[in-house]
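A closer look at the structure
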Amino acid sequence: MKNKILNKMTRKIYMLLLTMSLIVTYSCTETYLDTAPTDSISEVAAFSNPDNMELVINGLHRQMYASVLNGGGTPNGESYFMPALDFISGEVIHTGPGFNWMKGEARWLSHTNANSTVSFDFWYQRYHFIATTNALINNVASKDFTVTPQLNSILGQAHAYRAWSYWRLVTTFSKGYLIGNPSTDPGVPITNGLSLTEGAPRGTVEQVYNQIETDIDAAIGYLTNASAPPNKSYISLNAAYGIKARIALSKGDWAAAATNAALARNGFPLFNEAEWHAGFNSVDQSEVIWASRIIDTESNFFASYFYYISFMFNGGECRGNNKIINIELYNQIPATDHRNKAWLPMAPNTNSAAYNGQGGSYLTDPNYNDAASFNAAKAAIIAQYGATPAHNTHPYMNVKFKQSRPGTNNPDDVIYMRSSEMVLIEAEAKAMMNDISGAQDALDILGSSRDTAFDKTAFGTQQALMDQIKFQRRVELWGEGFGYHDKIRWDEGIDQTNSGASLVIYGDAFIQERPSVNDDWIFKIPQQEIDSNPLITEADQN
């Protein structure tokens, strides 16, 4: 019975993926397979020549931020999972009910539930990428295509996407490499070379990392001799170096992490102050290495990245649930660091349903003594950031993520990799190698660009460097989806005491022990995978 279910489900999922890959292009110019109706395009046509295979790759670009499973509902690719991972880690805090999006993630009710759509979509969306890249890689290997820069681009991106997908899976559905026993800890199924109807058992974490490293090295080899990417949605050679740096950091290969991070950021200068505060909404910004350009006709609207994270997006979740920074973290940001303007500690608490019980008027907000100043403060924020009068405000609310057309539900670009992250990877890797001066120099690249009083010599030990690097990552990359995996790598738990989070709402997620002794950090394998895959049983569940 399991094989029958597996056959039916995997075939249906794969054909859905392939159809989307073929009909979706990733630019304002429409390019389609004109030789057949959309619903009759075959796998043979899809993989018959490099031009068609490039359309399949373009489909993967779109699937980075869109859904392929549920007709446009949530979760929608990285648009959903980047904020979700920061909600799970407690780095981004909910302040009110809104429309209750991401509450299950913030309360640790979703990823710990094998029947949740969160675990299901995270698992199957990434296996969609793997199924498609398997088909591309295997098809080229079986045929005698002429090697061209275009073909190298296709193969390089396919291997990079496959490496990225396995890495996202194994770092989320398995124990962290640095806190477990990778040679024996169960990883995720490696499905390369299998037919669509074959299941696979869980490999070890080490085996999965071996596959990941093989793929990313192949990607770099192909992309070194590839055609130039037409836009940043393509995985460029720089982006591949960045993926390799992330992989190496997660397993403690410090030398490789530092080297590849430096290669990744080459040619992508850090934001200046004005660019940093421009909203993180455009692929055209200087330090953006990898991102999706979103056009109006491809918007997720109320399932978009900015719906979950931005203050001024015009949706019920944003109007009624300001996302705030951990108050203790904010209070550590120096007055000389311009990033302190990305959150508003004195914003009035206008939400009568605010979880802290201090919202609705100056009578309940301890920061205000009269209605005039309370109302004027809200009006000033609405005017400055372009929100609507229906939007609530809240102390320590985030204005880091700004819409290019504020107060609407129009789409904005989704950023996956910035050179700031690469600088911080280089600094952390060198600190972990006890290269004090090297780590100081790397850290200074970021610190001095953000804080006019930054002094790298203040961090003269490995511990002092790591403390500062952790602080910098939490501030610089806030809301960009790194909190969950950072805490696993650093083996740090969650304690929301004095953070601004509500114990009543957060429940068990308010305090969580560190990942090395708490397997609830590991996502549950979807129950549908256990039910359909004959090589995975209940005994294999996390």
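Scanning all chains against the criterion turns up 29 salt bridges. Across the salt bridge formed by glutamate 428 and arginine 489, the nearest N and O atoms sit 2.9 Å from each other. Of this pair, glutamate 428 sits in helix α16 (residues 419-432) while arginine 489 sits in helix α19 (residues 483-490), and the two are 61 residues apart along the sequence. In this structure glutamate 428 comes out as buried when scored by relative accessible area, which is 1%. What makes arginine 489 buried here is its relative accessible area of 13%. Where lysine 470 meets glutamate 492, a salt bridge forms, and the shortest distance between an N and an O atom there is 2.8 Å.

Moving on: the environment of isoleucine 179. Along the polypeptide, isoleucine 179 turns up in the loop between α7 (149-170) and β2 (186-189). Between the alpha carbons of isoleucine 179 and lysine 251 there is a distance of 9.5 Å; along the sequence they are 72 residues apart. Excluding its chain neighbours within four sequence positions, the residues that come into contact with isoleucine 179 are Ile488, Asp491, Pro515 and Ser516.

Right, let's talk about the confidence of the model for the protein chain for a bit. The pLDDT averaged across the protein chain works out to 90; a share of 89% of its residues lies at or above 70. Low pLDDT (under 50) marks residues 4-9, which in the prediction has 12 contacts with non-local residues, meaning those over four places away or in another chain. With pLDDT under 50 throughout, residues 23-40 is counted as low confidence; its partners more than four residues away or in other chains account for 32 contacts.

Turning to the nonpolar core, a few remarks are in order. If you look at the biggest cluster of nonpolar residues, it comprises 122 residues, and the most contacted ones within it are Val188, Ile235 and Trp290. In this structure tryptophan 290 touches Met64, Tyr161, Trp164, Lys232, Ser233, Tyr234, Ile235, Ala239, Ile243, Ile415, Tyr416 and Met417, once residues within four positions along its chain are discounted. Formed by 17 residues, the second largest nonpolar core is a distinct cluster that contains Leu270, Val423, Ala439 and Leu477.

Turning our attention to α7. Compared with an ideal rise of 1.5 Å per residue, which puts 22 residues at 32 Å, α7 spans 31 Å between its outermost C-alpha atoms and is within 8% of the ideal. Most of α7 sits inside the fold, with 20 of its 22 residues counted as buried.

Let's shift gears to helix α17 (residues 436-450). Given a rise of 1.5 Å per residue, 15 residues ought to cover 21 Å, and the 21 Å separating the end C-alpha atoms of α17 matches this to within 8%. Along α17, the helix axis deviates most sharply at aspartate 444, where the bend reaches about 35°. All buried positions along α17 are accounted for by Gly438, Ala439, Gln440, Ala442, Leu443, Leu446, Gly447 and Arg450. Lining the buried residues of α17 we find α11 (273-276), β8 (414-418), α16 and α18 (462-476).

α17 packs onto α16 with a crossing angle of 150° between their chain directions and a minimal axis gap of 7 Å. The angle between α16 and α17 places the two elements in the roughly antiparallel class. Note on packing geometry: the crossing formed by α16 with α17 is left-handed. Here Ser420, Val423, Leu424, Glu426, Ala427, Lys430 and Ala431 of α16 lie close against α17, whose contacting residues are Gly438, Ala439, Ala442, Leu443, Ile445, Leu446 and Arg450. For the contact of α16 with α17, the per-class residue count stands at 9 nonpolar, 2 polar and 3 charged.

Conventions and cut-offs
Residues numbered from 1 in each chain as written. Predicted model: local features only at pLDDT ≥ 70, side-chain atom pairs only at ≥ 80, totals over all residues. Heavy atoms only, no water. Salt bridge = Lys/Arg side-chain N within 4 Å of Asp/Glu carboxyl O. Helix = DSSP H or I, 4+ residues; strand = E, 2+ residues; numbered from the N terminus. Buried < 20%, exposed > 50% of the residue type's maximum accessible area, 1.4 Å probe, protein only. Contact = heavy atoms within 4.5 Å. pLDDT = per-residue confidence, 0-100. Core = buried A, V, L, I, M, F, W, Y, C linked by side-chain atoms within 4.5 Å. Expected span 1.5 Å × (residues − 1). Bend = angle between axes of the 7 residues up to and from the residue. Axes fitted to C-alpha atoms, helices over the stretch in contact; angles between N-to-C directions. Parallel < 35°, antiparallel > 145°, perpendicular 65-115°, else oblique. Left-handed = near helix turned anticlockwise from the far one by under 90°. Nonpolar A, V, L, I, M, F, W, Y, C, P; charged D, E, K, R; others polar.

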